[in-house]
Structures are given as C-alpha cells and as structure tokens.
Amino acid sequence: MRHPFITGTAVLALSVAAAAGHARTVGFSTDTCDHDYSTPYDVDVTTAGLSFHRTDGVPAKIFLHDGALRVDGKEVAVSRADAEALRRYEDGVRQLVPQVAAIAREGVQMGFSAMTSVTLTFADGDQRASMLEKLKRKQAQALREIDEGIGAGHWSSDRMTETVAGSVSDSIGELVGSVTSSAVTAALSGDSSKVAALQARADSLDKTMDREMDKRSEALEAKTKTLCPRLNDLAELQRGWKVRLDNGKPLELMTIKPKHSDDDKGDHKKVASS
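Scoring rules and cut-offs
- Residues numbered from 1 in each chain as written.
- Predicted model: local features only at pLDDT ≥ 70, side-chain atom pairs only at ≥ 80, totals over all residues.
- Heavy atoms only, no water.
- Helix = DSSP H or I, 4+ residues; strand = E, 2+ residues; numbered from the N terminus.
- Core = buried A, V, L, I, M, F, W, Y, C linked by side-chain atoms within 4.5 Å.
- Buried < 20%, exposed > 50% of the residue type's maximum accessible area, 1.4 Å probe, protein only.
- Contact = heavy atoms within 4.5 Å.
- Salt bridge = Lys/Arg side-chain N within 4 Å of Asp/Glu carboxyl O.
- Pairing = 2+ DSSP bridges.
- Axes fitted to C-alpha atoms, helices over the stretch in contact; angles between N-to-C directions.
- Phe/Tyr/Trp six-rings, centres within 6.5 Å; stacked < 30°, edge-to-face > 60°.

Is there a simple way to think about the environment of glycine 107 in this case?
As for its placement among the helices and strands, glycine 107 is situated in helix 2 (residues 80-122). Once the C-alpha coordinates of glycine 107 and arginine 216 are considered, the two residues, 109 residues apart in sequence, prove to be 9.3 Å apart.

Given below as structure tokens:
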C-alpha cells in the first residue's frame with residue numbers, strides 16, 4: 001500500500017508537469033521548411049525601411065529600402081536585378097513579421113491557459129484568487145511585450161525567448177511551488193479522502209486538458225507551418241542575389257542551414273544498410 005504523502009505529491013507533480021508540457025509547446029515548426037533558418041541580427045521594420053543590426057560581428061548594421069542598400073552607413077551599389085530581389089525581400093519580411101507576432105501571442109495565451117486550468121483544479125480559496133490574479137498579470141505583461149516588440153516591427157531572438165518561454169517557465173515554477181503546499185498538506189494529513197480528491201481532480205484535468213490543448217496545439221502548429229513558404233522564399237532570394245560586401249563575401253541577412261548534417265546523413269545510410 002502506498003503512503004498517502006507519496007501518492008498526493010505524485011498526483012500533483014504529474015498534473016503540473018502535464019500542464020507545463022502543454023505550456024511549453026510554444027515554438028515555430030520548421031518541418032515544412034526547406035532548411036533551418038535564423039538570423040544573427042535584431043531587425044527593425046519601419047516605414048523608412050528594414051534595419052538589421054547587432055553588437056557582435058561584421059557588418060554591424062545593414063539597411064535596405066526600395067532596392068537601395070547601406071552597409072555600416074555606406075551606400076552599396078547593386079544591379080537592377082539585385083535591387084528587385086531586395087525589394088521582394090523587404091516585402092517578404094514585412095508580411096512575415098505580423099504572422100510571427102500573432103503566433104507568439106497565441107502561444108503565450110495557450111501556455112497561460114494551461115496554467116490557469118491547473119490553478120483552478122488544485123488551488124482553493126484565497127490561494128486560488130491570488131494565483132489567478134498573478135497569472136493574469138503576467139500574461140498581460142507578456143502580451144504587452146510582444147505587442148511592443150515583434151508586434152511593433154522589432155524582432156529580437158533573445159527578447160522573444162525571454163518574453164514567450166521565460167514568462168511561461170517562471171510562472172510554472174511559481175505555480176508548482178504554490179500548489180505543492182496544498183498537496184503536501186493533504187498527503188501529510190493521512191486523510192485518504194483528501195488524497196482521493198486530489199487524484200480525481202488530476203484525472204479530470206488530464207482528460208479535459210489533453211482534449212482542449214491538443215486541439216489548440218494542432219491549430220497553432222498549422223499556423224506556424226504557414227511561415228515556411230515565406231521563409232523558403234526569403235532564402236531563395238538571398239541565394240540568388242549577387243550582392244557582395246567589401247570583403248567579397250555575399251550579403252547574408254539570414255542563416256540557412258541544412259536540416260541534417262553530413263554526419264547525420266552518414267549515420268542514416270549506415271542504419272539503412274544494416
């Protein structure tokens with residue numbers, strides 16, 4: 001027979017872990033992308049043009065608008081074909097940014113929805129009201145940061161990670177710490193009915209959350225997949241233009257990496273032939 005303390009604590013841990021798993025499914029799928037994409041730059045999208053800037057690396061700042069290009073403050077002459085490619089690139093980024101902002105907002109909302117479900121399931125009384133208010137406040141802050149960042153045309157990978165993943169992870173940590181006290185109290189009381197009630201709540205949460213969050217996760221994933229055609233087009237434009245920097249290297253605004261390294265391919269061939 002299991003000790004009530006072990007049972008009660010395990011119930012809570014599994015339930016919160018399930019919610020955390022749902023809450024952390026905030027990301028941008030690249031399954032349908034031709035390659036893995038990233039950018040070493042922070043990007044500002046304004047009516048004046050696109051500004052790519054960074055504190056480490058050369059060039060430090062690239063600005064383009066309507067086919068014109070400046071690199072570290074210096075005008076760069078480009079061909080007519082490259083000017084058209086840069087225009088299309090700028091248009092592509094302008095269309096992409098609002099999509100990323102919308103997906104980030106939905107991801108944050110989904111994560112906090114999962115944590116709210118856990119709170120409503122396990123917290124009681126004043127603790128529940130306090131935790132719900134804190135979650136509401138943190139969600140509003142995260143959404144505001146998205147609106148002021150990528151939503152306003154300012155992309156920063158570090159800022160996005162801190163806003164989306166950071167806000168959810170921090171809240172999960174606080175949620176686990178707060179709700180655990182209730183589970184421990186019930187377990188230490190030796191009251192089997194309280195432990196049974198916890199188990200019933202966990203079972204109910206598991207069923208409802210799986211159904212609701214799986215549905216929302218699939219919808220969010222479908223939206224993230226719509227980013228890939230735009231990213232593929234941007235990558236194709238970058239590969240096609242002939243713009244070169246002073247050091248002779250091609251202009252690269254985004255990093256394009258194959259999905260599988262040569263080592264991965266070699267390992268795959270070994271497995272296939274074995």
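There is more to say, and it comes next.
Mind showing me how you'd approach the nonpolar core here?
Side chains of nonpolar character tend, in soluble globular proteins, to be buried together. Membership of the largest hydrophobic core comes to 47 residues, with the highest contact counts inside it found for Phe52, Leu69, Tyr89, Trp241, Leu251 and Leu253. Filtering out sequence-adjacent residues up to four positions away, leucine 253 remains in contact with Thr39, Pro40, Tyr41, Phe52, Ile62, Leu64, Tyr89, Gln238 and Trp241.

Looking at this model, I keep getting lost on the pattern of salt bridges. Mind explaining?
In a structure, side chains of opposite charge can pair up when their charged atoms sit close to one another. Here the structure, examined in full by the defined rule, presents nine salt bridges. Between lysine 74 and aspartate 246 there is a salt bridge, with its nearest N and O atoms 3.7 Å apart. With a gap of 172 residues between them, lysine 74 in strand 6 (residues 74-76) and aspartate 246 in the loop between helix 6 (227-240) and strand 8 (255-257) connect regions that are remote in the sequence. Under the relative-accessibility criterion, lysine 74 is labelled partly exposed at 48%. Across the salt bridge formed by arginine 94 and glutamate 90, the nearest N and O atoms sit 2.9 Å from each other. Of the two residues, arginine 94 and glutamate 90 both sit in helix 2, four residues apart, roughly one turn of that helix. A residue is classified by how much of its surface remains accessible, and glutamate 90, at 4% relative accessible area, is buried.

How should the sheet that holds strand 3 (residues 49-53) be read in this particular structure?
Strand pairing within a sheet occurs via backbone hydrogen bonds; the two strands may be parallel or antiparallel. Read across the sheet, six strands follow the order 6-5-4-3-2-7 without closing on themselves; strand pairing throughout is antiparallel. In the strand order of this sheet, the two ends are held by strand 6 and strand 7 (154-155), each with one partner. Pairing of strand 5 (residues 68-71) with strand 6, which is carried by three bridges, proceeds in the antiparallel orientation. Residue pairing in the sheet places arginine 70 in a bridge with glutamate 75 of strand 6. Along the sheet, helix 2 contacts strand 2 (42-46), strand 3, strand 4 (61-65), strand 5 and strand 7; its crossing angle with strand 3, the most-contacted strand, is approximately 80°.

Just checking my understanding: could you explain the pairing of strand 5 for this structure?
Note on strand geometry: in a regular strand, side chains alternate between the two faces of the sheet. Of the two faces of strand 5, the one lined by Leu69 and Val71 is fully buried and the one lined by Ala68 and Arg70 carries no buried residue. Pairing geometry for strand 4 and strand 5, over four bridges, is antiparallel. Across the sheet, leucine 64 pairs through a bridge with leucine 69, a residue of strand 5. Hairpin geometry of strand 4 and strand 5 is characterised by an intervening segment of two residues between the two adjacent antiparallel strands and by a positive phi of about 50° at aspartate 66. Between the end of strand 5 and the start of strand 6, which pair antiparallel, lie two residues, with aspartate 72 showing a positive phi angle near 50°.

Looking at this structure, how should I read the pairing of strand 2?
Residues Val43 and Val45 line the buried face of strand 2, whereas the alternating positions Asp42, Asp44 and Thr46 sit on a face that is not buried. Taken together, the five bridges between strand 2 and strand 3 define a ladder with antiparallel strand orientation. If you follow aspartate 44 over to strand 3, its bridge partner there is serine 51. In this antiparallel pair of consecutive strands, strand 2 and strand 3, the connection spans two residues. Inspection of the sheet shows strand 2 paired to strand 7 by two bridges, in the antiparallel sense.

Looking at this structure, I do not really get the packing of aromatic side chains. What am I missing?
The relative placement of two aromatic rings is captured by the distance of their centres and the angle of their planes. Tallying each qualifying case throughout the model produces two aromatic pairs. Residues tyrosine 41 and phenylalanine 52 carry aromatic rings whose centres are separated by 6.1 Å and whose planes lie at 80° to one another, so their mutual orientation is edge-to-face. In this pair, tyrosine 41 sits in the loop between strand 1 (36-38) and strand 2 while phenylalanine 52 sits in strand 3, placing the two residues 11 residues apart along the sequence. Here tyrosine 41 and phenylalanine 52 have matching classes, each one buried.

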